[in-house]
Amino acid sequence: MTVTVTTYETATEAAHAIAAGTSTHFLGGGTLIMRALNEGDPSVRSIVMTGDIAMKQIRPAGAGMEIGAAVTMADILGSHDLGFLHSAARAVGGPAIRNMATLGGNLFARSPYGDLATALLALDGVVVLASGGGMREMPLSEFLAGRDGVAKGVVVSVRVSRPATLEAFRFHKVSRVRPKRIAVLTLAAHLPMNSGRITGARIAYGAMAPTPIRVPAVEQALEGASLDEQGIARALAVACEGCAPANDAIASEWYRREVTPVHLKRLLLGQAA
Amino acid sequence: MSKKPLQFTLNGANKAVFVEDGQNLLDVLRREVGDFAPKYGCGQGTCGSCTVLIDGKPHLSCLTLAERSEGASIETASGLADGPDLHPLQDAFMEHFAAQCGYCTSGMLMAAKALLDHTPTPTREEVVEAIAGNVCRCTGYEPIINAILDAAARGRRFSA
Ligand SMILES: Cc1cc2nc3c(=O)[nH]c(=O)nc-3n(C[C@H](O)[C@H](O)[C@H](O)COP(=O)(O)OP(=O)(O)OC[C@H]3O[C@@H](n4cnc5c(N)ncnc54)[C@H](O)[C@@H]3O)c2cc1C
Ligand code: FES
Ligand code: FES
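What you see is a predicted model; the values in this text were computed from it and never measured.

Visitor: Teacher, can you tell me more about the overall build of chain B here?
Guide: What chain B contains, in helices and strands, is 5 helices and 5 strands. If you list the helices and strands of chain B from N to C, you get β-β-α-β-β-β-α-α-α-α. Whereas a compact globule of 160 residues would reach a radius of gyration of roughly 15 Å, chain B reaches 15 Å, a difference of no more than 12%. Principal axes of the C-alpha set define a box for chain B whose edges measure 50 × 30 × 25 Å. In chain B, which comprises 160 residues, the proportion classed as buried is 51%. Taking as baseline every contact in chain B between residues at least 6 positions apart, the subset at least 24 positions apart corresponds to 57%. Total accessible area computed for chain B in this model is approximately 7100 Å², and 51% of it derives from carbon and sulfur atoms. Separation between the mean location of the 14 positive side-chain charges and that of the 19 negative ones in chain B comes to 3 Å.

Visitor: When you look at the interface of chain A and chain B in this model, what are you seeing that I'm missing?
Guide: Where interface size is quoted, it is often the accessible area lost as the parts come together. Each partner contributes residues to the interface: chain A has 26 residues there, and chain B has 24 residues. Interface of chain A and chain B: buried area, both sides summed, is about 2200 Å²; carbon and sulfur atoms make up 57% of it. The tally of links from chain A across to chain B stands at 2 salt bridges. A salt bridge links Glu129(B) to Arg181(A); the nearest nitrogen and oxygen atoms lie 3.6 Å apart. The interface formed by chain A and chain B holds 10 residue pairs in polar contact (both at pLDDT 80 or more) in total. Those elements giving two or more residues to the side of chain A that touches chain B turn out to be β1 (4-8), α2 (33-38) and α5 (95-100) of chain A. If one sorts the elements of the side of chain A that touches chain B by residue count, α5(A) sits on top with 6 residues. A per-class count over the side of chain A that touches chain B returns 11 nonpolar, 10 polar and 5 charged.

Thresholds applied
- Residues numbered from 1 in each chain as written.
- Chains lettered and ligands numbered in written order.
- Predicted model: local features only at pLDDT ≥ 70, side-chain atom pairs only at ≥ 80, totals over all residues.
- Heavy atoms only, no water.
- Helix = DSSP H or I, 4+ residues; strand = E, 2+ residues; numbered from the N terminus.
- Rg over C-alpha atoms; globule rule 2.2 N^0.38 Å.
- Buried < 20%, exposed > 50% of the residue type's maximum accessible area, 1.4 Å probe, protein only.
- Contact = heavy atoms within 4.5 Å.
- Areas by Shrake-Rupley, 256 points an atom, 1.4 Å probe, with all protein chains shown as cover.
- Lys, Arg positive; Asp, Glu negative; His and termini not counted.
- Charge placed at Lys NZ, Arg CZ, Asp CG, Glu CD.
- Buried area = accessible area lost by both parts, 1.4 Å probe.
- Salt bridge = Lys/Arg side-chain N within 4 Å of Asp/Glu carboxyl O.
- Polar contact = N/O pair within 3.5 Å; in protein donor to acceptor, adjacent residues only side chain to side chain.
- Nonpolar A, V, L, I, M, F, W, Y, C, P; charged D, E, K, R; others polar.

Structure representation (structure tokens):
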């Protein structure tokens, strides 16, 4: 089957081509889309790409950071400013995958993939999207919820808030095989503290639903709580609210639900994963 | 089917070929250039037997769109030996019995070379992490890890 590959100057032009085409996909690092191509997947007929420099940039944006969608896991690991995302970037694949896999592609990776996207969710990620109708922005949570519907465009970048302190941001990937690991589940938490109490907690899980999700029930239960066994008890009781984990080769739905409170507790109390 | 011109260096030598839309780099190296060191194992990114270095960094050639390699410097296991002189990693792999069927070996060597080029004295954990994307069905990994550590311990230079 023939496939066509076209390179555009800008993300906007690439987005127009995607909107106008059928079975047309944007090429990030290719770790997922090239798999489909090698398999002869008939839904990949046309590939578009761009060298748009805006998609490669890592720069401060207000109080946070803006990270281009073409930035790879290795680029993140090489950025001092993105130190708070190093644990999440390091959790993706092996060294070769990290040299190729992009932030943009991670937002589209099917569960149980999407480790970096889980971390970005807990940092109030906002997606900057070029679509046929121009540029728009939307919260990452909204983007992920409607992912398959809104995918007719090119993600240019994601803006995230910088954690209040390094200690305030936590990321755990739970897996059975080390060091190359596919997630049983992934947890990310941003826990700003005020006078010893949590204020404005953000909790995100990967592999606990078809896309990475925020967990509002846990966030609400942590509001005003202290970070000790007693303080987090209510949050642990609702650890799986709103979750719809899959039964897959890595873990059963039952197993994922059983271990989620255990790992949430370790994350919140700062214990090893 | 449209064909596009592509130029790159392979183990220091200039190469110019025509590639098809959608063709991956592994296919181009094996079919168009005739370098059979990188192996096709899965075509899915899971085995690492197609690992090559692009501008010094390990990449999976089966998942690399060939036309993206324009102007790149590509290294494969074919470029490791200098005439009859094996690369220190190749010597160590032989001495430690780190290759049995050999299917994973060229990918393992390139993953190891990428590590030692930047981290000449790695820890055991760093070696394990460096080959985490490379599957070996024969050796049980221990001989490979020991070979890489031994090559490093000999303190030689690792640029091919
Ligand atoms: C061996 C292996 C191990 C892996 N391990 C992990 C892991 O541990 N954790 C994990 O999270 N993932 C893992 N992955 C999955 C994948 O590598 C990552 O999720 C990666 O971040 C995907 O990015 P990419 O740039 O390679 O995506 P691509 O393959 O380029 O694209 C994937 C999808 O996203 C779309 N897309 C990409 N960029 C954009 C954009 N800017 N705008 C619009 N659409 C876009 C593409 O059209 C395509 O549909 C693994 C994959 C392999 C092969
Ligand atoms: S052939 Fe490329 S990873 Fe298996
Ligand atoms: S030696 Fe046979 S797969 Fe590694």
